[in-house]
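The lines below spell out each chain.
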Amino acid sequence: MAGLLAQAQKMQEQLLSAQNTIAATELTGTAGGGLVTVTGSGAGEITAVTIDPEVVDVDDIETLQDLIVGALADLATKRDELTSNAMGPLAGGLGGGLPGFGGPGLGQ
């Protein structure tokens, strides 16, 4: 029982470390070959938006709007990949037969 508790505490520490790493990571999403760039943290905060003046056309606002949405989507994809990579090894440790964690024959 003590071994299981020690393992759970170690996993909790690893989870906290992974969450801190994710939150501190800066990511950049782009669209239009870099015409629009959105920068943010792994925690979801948007910290900067850069728009190349070449794409600003008052007669075609829809293209600019689409590029911004595309850059935000790219940023979200990168954030999801970061989270998956950081948390993936920890999630693998949860499949050890504990109810509710997808272990064989339990919690399914």
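Whatever comes next refers back to the structure up there.
Residues numbered from 1 in each chain as written. Predicted model: local features only at pLDDT ≥ 70, side-chain atom pairs only at ≥ 80, totals over all residues. Heavy atoms only, no water.

1. Thoughts on the pairing of strand β3 (residues 46–51)
A regular strand carries its side chains on alternate faces of the sheet. Put simply, the rule reads: DSSP-based pairing: two strands are paired if at least 2 bridges between them are found. Elements are defined by DSSP. Helices are runs of H or I of four residues or more, strands are runs of E of two residues or more, and each kind is numbered from the N terminus.
With five bridges connecting them, strand β2 (residues 36–41) and β3 associate as antiparallel partners. From the neighbouring strand, V38 faces β3, where its bridge partner is V49.

2. Description of the nonpolar core
Just so we agree on the cut-off: Throughout, nonpolar core names a set of buried Ala, Val, Leu, Ile, Met, Phe, Trp, Tyr and Cys residues whose side chains join them through atoms within 4.5 Å. Buried, partly exposed and exposed residues are distinguished by accessible area as a fraction of the type maximum, computed with a 1.4 Å probe on protein chains only: under 20%, between the cut-offs, and over 50%, respectively.
Counting residues in each nonpolar core, the largest one holds 11 residues, listed as I22, L27, A31, V36, V38, V55, L64, L67, A71, L75 and L82. Counting residues per element, the ones that place at least two in this core are β1 (26–31), β2 and α2 (61–92). Here this core takes five residues from α2, the largest share from any one element.

3. Overview of the environment of G32
Among the secondary structure elements, G32 is positioned in the loop between β1 and β2. Look at G32 and you get partly exposed, because its relative accessible area is 39%. Expressed as a C-alpha distance, the spacing of G32 and L64, which sit 32 residues apart in the sequence, is 9.4 Å.

4. Some details on the pattern of salt bridges
To be explicit about the condition: We define a salt bridge as a side-chain nitrogen of Lys or Arg found within 4 Å of a carboxyl oxygen belonging to Asp or Glu.
The full count for this structure, using the stated rule, is one salt bridge. Between K78 and D74 there is a salt bridge, and its shortest N-O distance comes to 3.3 Å. Of this pair, K78 and D74 both sit in helix α2, four residues apart, which is roughly one turn of the helix. A residue is classified by how much of its surface remains accessible, and K78, at 30% relative accessible area, is partly exposed.

5. Some words on the sheet that holds β1
So the rule is basically this: A fitted line through C-alpha atoms serves as each axis, taken over the contacting stretch for helices, and the angle formed by two N-to-C directions is quoted from 0 to 180°.
Overall, antiparallel pairing links the three strands, which are arranged β1-β2-β3 in an open sheet. Unpaired on one side and paired on the other, β1 and β3 mark the two borders of the sheet. Across the sheet, the mean angle from the axis of one strand to that of its neighbour is 15°, orientation sign disregarded. Judged from the six bridges that link them, β1 and β2 form a sheet pairing that is antiparallel. Its bridge partner lying in β2, G29 is registered against V38.

6. Examining helix α1 (residues 2–24)
Every α-helix winds through 3.6 residues per turn, so residues three or four apart in the chain are directed the same way. Rules: By definition here, a helix of n residues has an expected span of 1.5 Å times n minus one.
In a regular helix each residue adds 1.5 Å, so 23 residues correspond to 33 Å; α1 covers 33 Å between its end C-alpha atoms and thus fits that length. Residues of α1 that are buried: M11, A18 and I22.

7. Re the pairing of β1
Residues L27, G29 and A31 of β1 are buried on one face, while the alternating residues E26, T28 and T30, pointing to the opposite face, are not. Taking the residues between adjacent antiparallel strands as the criterion, β1 and β2 are bridged by four residues, where G32 takes a positive phi near 65°.

8. Concerning a nonpolar patch on the surface
The following threshold applies: Residues qualify for a patch when their relative accessible area is over 30% and they have no salt bridge, like charges being joined within 9 Å and the nonpolar side chains of Val, Leu, Ile, Met, Phe, Trp and Tyr within 5 Å. For the area figures, the Shrake-Rupley method with a 1.4 Å probe applies, and any residue is considered shielded solely by the protein chains shown.
Nonpolar side chains collect at one region of the surface, where I46, V49, I51, V56 and L72 lie side by side and expose about 370 Å² of accessible area between them. Considering every element that reaches the nonpolar patch, the biggest residue donor is β3, with three residues. Of note, I46 is situated in strand β3. For I46, a relative accessible area of 40% puts it in the partly exposed group.

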